[in-house]
Each structure stands twice: as structure tokens, then as C-alpha cells.
Amino acid sequence: MKRPLQAVRTKRFWILFGGAAAIGAFDEGVLQAFLPSAVAGGMAAGLAGAALGLQALAYIVGQVAGGWLSDRLGRRGVGIVAAVLVGGGVIAAIGLVQANTAVAIAGIALHGFGSGATIAVRSAAFGDIFGGANFGTIFGLLAVAYPVGGTFAVYLGAAIFDATGSYALLVPVLVAALVAWSLALWVGGPRSGSGSAPRSGSSMRRTTSAANT
């Protein structure tokens, strides 16, 4: 168990902080860019709004699925797969929106599912590493990263749009943020399994078994 100041002094904290900022960038950046990109690409405004609603529903499903799978298959593997899904969604939803409306809608839904799974893995990984009596404070400090990354992506996206009339150049930035999160999870995340929870459960079972014998 670490105290907040002890956690902040570790490299692992700042690796994961940077990864969490990257999540904010590729999540909020897409939410900012999708509607204007879709409408400029010829999609009806009402349909674009409905697609964002579908993204939100997929996000919820992704959170549940991502958490469940990461408990069984490990945080890092599930987190990397989720990042790949988000990357495909970013390219389809923004990069290909002018080429194919159906692909763009599928892409924004895929982004929602992958982002939801990413958030679940992120939160669980934080708990695996920093869990304990002071986890609420440590998690609060780590949570600052998301709006920092989101703010960066939103302002950068606005600058790109003002300069070029399109959000297309934002796509490689968001993909780079996905790579940054994946590296942060791989380097700073739980090394194997889903962290300490399974070991605690095994210890509890052994203790209960001993008490019953």
C-alpha cells in the first residue's frame, strides 16, 4: 500500500498518468471532430447525432465487456486489443467519413466500444497497482490526466480545422495517442493476470478452507 506522495514519486505513476492523458486525447478528440466531419462529408445532421448516441451505447457495453474480460484474460492484453479497436474506429469515423456513411457510423460505434473497454481496463489497472486505503486520493490524482489530454486534443483539433477546413490531420495525432496509451499500459500496467485481486481471492479461499478443517 502506498501513500499518495509515495505513489507520485514513482516512475510508474507518471507513466500511467501520461497514458491516461492519451486516453483523454483520443476519446475527447473524436467526440469533438465527428459531428462536423460527418456533416461536412454529406451525412444528415440528425443521422450524425444518432450515430453519436450509438457511440454512447457501445461505450457502456465496452465498459462492461472490457472489465469482465480483463479480469479473466489480463489488463494488458485486453487493453491493447481495445486500443486497436479504437484506432480502427478513429480512422473509419473521421478519416473515411466522406467516403462511406455506413463505415463512418460503424467506426464511431467501434470507437465507443473500444473506449469504454479502455476506461474499464485503465481503472482496474490503477486499482491493481495502487489499491489500498489511499487509492481514492491516488486515483483522483491520476484522473486529472484525462481532462488534460482531452483539452489538448480539442484545442489542437480546433486549430487544425481552422487552418485546413478539415479534421483529417487530427487522425494521426489520435492514433499516436493510442500508441502512447498502449505503451504506458504495457510498461506501467500489471505484469500478468489482473493484478492482485486473484491472489487475494486465493488467499481468502485458503483461509476459509483452513478455518473449516
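Each remark here, short or long, concerns the structure printed above.
We now examine the pattern of salt bridges. Tallied over the entire structure, the rule returns two salt bridges. Across the salt bridge formed by Asp 71 and Arg 75, the nearest N and O atoms sit 2.8 Å from each other. Close ionic contact of Asp 128 with Arg 75 constitutes a salt bridge, the shortest N to O distance being 2.7 Å. Of this pair, Asp 128 sits in helix 5 (residues 101-130) while Arg 75 sits in helix 4 (residues 75-95), and the two are 53 residues apart along the sequence. The class for Asp 128 is buried, based on a relative accessible area of 15%. Judged by relative accessible area, which is 4%, Arg 75 ranks as buried. Residues joined by salt bridges that share partners form a network here, namely Asp 71, Arg 75 and Asp 128.

Counting 37 residues, the largest nonpolar core has Phe 26, Phe 34, Met 43, Ile 94, Ile 108, Leu 174 and Trp 181 as its most contacted members. For this core, the elements supplying multiple residues, two or more each, are helix 2 (11-40), helix 3 (45-73), helix 4, helix 5, helix 7 (145-164) and helix 8 (170-188). The element contributing the most residues to this core is helix 2, with eight residues. Not counting chain neighbours up to four residues away, the residues in contact with Trp 181 comprise Gly 19, Ala 20, Ala 22, Ile 23, Phe 26, Gly 79, Ala 83, Thr 118 and Arg 122. Ala 7, Ala 21, Ile 129 and Ile 138 belong to the second-largest nonpolar core, a separate cluster that totals twelve residues.

Procedures and definitions
Residues numbered from 1 in each chain as written. Predicted model: local features only at pLDDT ≥ 70, side-chain atom pairs only at ≥ 80, totals over all residues. Heavy atoms only, no water. Salt bridge = Lys/Arg side-chain N within 4 Å of Asp/Glu carboxyl O. Helix = DSSP H or I, 4+ residues; strand = E, 2+ residues; numbered from the N terminus. Buried < 20%, exposed > 50% of the residue type's maximum accessible area, 1.4 Å probe, protein only. Core = buried A, V, L, I, M, F, W, Y, C linked by side-chain atoms within 4.5 Å. Contact = heavy atoms within 4.5 Å.

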